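Listed below, chain by chain, are the residues.
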Amino acid sequence: MMLQKLFSMKLLTDLPTPTNISIFWNSGSILGMILGLQLVTGIFLSMHYTADLVTTFYSVIHIMRDVPGGWIMRVLHANGASMFFVFLYLHIGRGLYYQSFITQVHTWMIGVSIFLVCMATAFLGYVLPWGQMSFWAATVITNLMSAIPYIGSMLVEWLWGGFSVSQSTLNRFFSLHFILPFLIGGLAAIHLMFLHDKGSTDPLGSINHINKVMFHPYFTWKDLVGFLVVLLFLVINSSFFPTMLIDPENFILANSMVTPVHIQPEWYFLFAYAILRSIPSKLGGVVALAMSVFILYILPLSNLNWSLVTPFNLFYQMIFWGLLANFTLLTWLGACPIEPPFFFLAQSLSISYFGFFLLLMIEPWILNKL
């Protein structure tokens, strides 16, 4: 029945949609559009990419210089990943701000799973150009598995396919990077099934079919306008500033004998990287890194007994904007060197990051007591 709801065109176009939803509700459809773009450009790139240690780096240069239209496919794919995470964070932020995790628990849980798979896919793709930062980021991040007691070292060797990041690692990373986007598409379909089961919430948190209209034509045109604006911005960015978000170290062939001065992931992982580096214990850092994302799973579980949606009280507003400021500062600190005062700032902001989420969880209880 739910599958019929998803794939029936009439049910899609006649879906009851709140009349008062803002532009932030466009982020979900824009994410679907960018995912489609990433799939198309990725398939074309895979036709000329070679997952071989000797020729990988040069195959990317070949795509950029020799393949007709290869340069635009590559820069659209690279910048499209950043654009995808911009709207992914906007989408999550909108869910937090309007407390969608209370009224749409199943939809939220699947959404967090999509976020995790997207992070894995983006990390795997970052390794594929086989530049200096790609190689060392792969080495550092996969080495975190060694912090797991008893099986850590064995798990790292299994992940690498040997005793270091090598040909086997590149092969499996390429295979997984190719497969996981289709898994994201499947999860997105399930995400939509749960969304259509109850219908979209509005800024007031209501899911009642009182003040709603049909999705088509009103929101179809609204989504199309959003698609055109985002595509225009992406094309301008890819045409005039194609390497703005690419680390300069990645234009150097990977060399296992030379370590970059400052190893860092892409900007969309910097908040978690700052939390990881702020904890002296390796195991503690890995646990904090994992919890910085997995805490999104716990968030709705703390509100299951509350039907009250209260995003507009002053206390909740302070928590949300404090969390946003905290996230932004952690992202900046993730790109800073590990030295005073950045290290101590990262430690205090990591504690407050989890503190803000704790406040989000107990806020309905506090409000109920008041």
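Since the structure is predicted, the reported quantities are computational estimates derived from the model, not experimental observations.

**Q** I'd like a description of unusual backbone geometry, backed by residues and values.
**A** Cis geometry marks the peptide bond from P340 to P341; its omega dihedral reads 0°. On the secondary structure map, P341 appears in the loop between helix 14 (314-334) and helix 15 (342-369). Of note in this structure, W130 is not a glycine but carries a positive phi near 60°. Relative to the elements of secondary structure, W130 occurs in the loop between helix 7 (105-127) and helix 8 (132-143).

**Q** Kindly report on the layout of surface pockets, identifying the contributing residues and their values.
**A** By volume, the largest pocket is sized at about 1,300 Å³. Along its surface, the largest pocket is lined by 45 residues, and G28, S29, L192, L195 and H196 are the ones closest to its centre. Those elements that provide at least two residues to the lining of the largest pocket are helix 2 (9-13), helix 3 (27-46), helix 5 (70-97), helix 7, helix 10 (167-198) and helix 11 (218-240). Ranked by residue count, the leading element in the lining of the largest pocket is helix 10, at eight residues. Across the lining of the largest pocket, the residue classes break down as 23 nonpolar, 19 polar and three charged. Quantified by volume, the second largest pocket comes out at close to 940 Å³. Lining of the second largest pocket is provided by 26 residues; of these, A120, F123, I141, M145 and L289 occupy positions nearest its centre. When contributions to the lining of the second largest pocket are tallied by element, the ones reaching two or more residues are helix 7, helix 8, helix 9 (152-160), helix 10, helix 12 (270-277) and helix 13 (282-301).

**Q** A description of the nonpolar core should follow, citing residues and the corresponding values.
**A** Counting residues in each nonpolar core, the largest one holds 88 residues, and the members touching the most others are F85, L96 and F115. In terms of residue count, helix 7 provides more of this core than any other element does, 13 residues in total. Structurally, this core is a two-domain feature, drawing no fewer than three residues from each of domain 1 (18-259) and domain 2 (264-369). Excluding anything up to four places from it in sequence, F115 contacts F85, L88, Y89, I92, V293 and L296.

**Q** So, the UniProt feature "binding site: a ubiquinone" (unreviewed entry) in the protein: which residues are in play, and what are the values?
**A** The residues that UniProt annotates with the feature "binding site: a ubiquinone" (unreviewed entry) are H196. Looking at the element boundaries, H196 is found in helix 10.

**Q** Please set out empty space enclosed by the protein residue by residue, giving values where relevant.
**A** In this approach the atoms are scanned with a rolling probe the size of a water molecule, which exposes any empty space left behind. One pass over the full model with this rule turns up three cavities of 30 Å³ or more. Taken as a whole, the largest cavity encloses approximately 830 Å³ of empty space. Elements represented by at least two residues in the lining of the largest cavity include exactly helix 3, helix 4 (56-65), helix 5, helix 7 and helix 10. Considering every element that reaches the lining of the largest cavity, the biggest residue donor is helix 5, with eight residues. Of the residues contributing to the lining of the largest cavity, the split by class is 24 nonpolar, ten polar and three charged. Its volume calculated, the second largest cavity comes out at about 60 Å³.

**Q** Run through the environment of L116, naming residues and quoting values.
**A** Mapped onto the elements of the fold, L116 is located in helix 7. When the C-alpha positions of L116 and H177 are compared, they lie 14 Å apart, and in sequence the two are 61 residues distant. Ignoring any residue separated from it by four or fewer positions in sequence, one finds L116 in contact with V293, F294 and Y297.

**Q** I'd like a rundown of helix 7, residues and numbers included.
**A** For helix 7, which comprises 23 residues, the first-to-last C-alpha distance of 34 Å matches the rise-based estimate of 33 Å (1.5 Å per residue) to within 8%. In terms of burial, helix 7 is a largely internal element, 19 of the 23 residues being buried.

**Q** Can you explain the side chain of T139? Please cite residues and give values.
**A** Following the sequence through the fold, T139 ends up in helix 8. Look at T139 and you get buried, because its relative accessible area is 14%.

**Q** How would you summarise the domain arrangement of the protein if you had to cite specific residues and measurements?
**A** Here the protein is described as being made up of domain 1 (18-259) and domain 2 (264-369). On a C-alpha basis, the centres of domain 1 and domain 2 stand 22 Å from each other. Each partner contributes residues to the interface: domain 1 has 35 residues there, and domain 2 has 35 residues. Both sides of the domain 1 and domain 2 interface together cover about 3,300 Å² of buried area, and 74% of this is carbon and sulfur. Applying the counting rule to domain 1 against domain 2 returns zero salt bridges. Of all the secondary structure elements, the ones that give two or more residues to the side of domain 1 that touches domain 2 are helix 5, helix 6 (100-103), helix 7 and helix 8. Broken down by element, the side of domain 1 that touches domain 2 gets its largest block of residues, eleven residues, from helix 7. Grouping the constituent residues of the side of domain 1 that touches domain 2 by class yields 26 nonpolar, eight polar and one charged.

Quick notes on the rules
- Think of each chain on its own: its residues are numbered from 1, step by step along the sequence as written.
- Note on the predicted model: pLDDT of at least 70 is required for a residue's local features to be given, and 80 or more for side-chain atom pairs to be given and counted; whole-chain, interface and lining totals, by contrast, use all residues.
- Hydrogens and water molecules were not included; the side-chain quantities draw on all heavy atoms of the structure.
- Put simply, DSSP H or I for four residues or longer makes a helix, DSSP E for two residues or longer makes a strand, and each gets a number counted from the N terminus.
- A 1.4 Å probe that fits but cannot get out identifies a cavity on a 1 Å grid over protein atoms alone, an open set with protein on both sides within 12 Å along at least five of seven lines counts as a pocket, and a residue lines either if it has an atom within 4 Å of a point.
- Grid points are joined across faces, edges and corners, and a volume is the space filled by probe spheres set on the points.
- Charged means Asp, Glu, Lys or Arg here, nonpolar means Ala, Val, Leu, Ile, Met, Phe, Trp, Tyr, Cys or Pro, and polar covers whatever is left, Gly included.
- Among the buried residues, those of types Ala, Val, Leu, Ile, Met, Phe, Trp, Tyr and Cys that are joined through side-chain atoms within 4.5 Å form a nonpolar core.
- In this scheme, a residue with accessible area under 20% of its type's maximum is buried, one over 50% is exposed, and one in between is partly exposed, where area comes from a 1.4 Å probe on protein chains only.
- The split into domains, and so the bounds of each, comes from an automatic or database assignment of domains.
- Whether two residues are in contact is decided by their heavy atoms: any pair within 4.5 Å suffices.
- UniProt positions are given in the numbering used here, feature names are shortened, and annotations may be inferred rather than shown by experiment.
- Multiplying 1.5 Å by the helix residue count minus one yields the expected span of that helix.
- Buried area, as used here, totals the accessible surface that two parts lose on assembly, with accessibility defined by a 1.4 Å probe and the loss added over both.
- Salt bridges are defined as contacts in which a side-chain nitrogen from Lys or Arg sits within 4 Å of a carboxyl oxygen from Asp or Glu.

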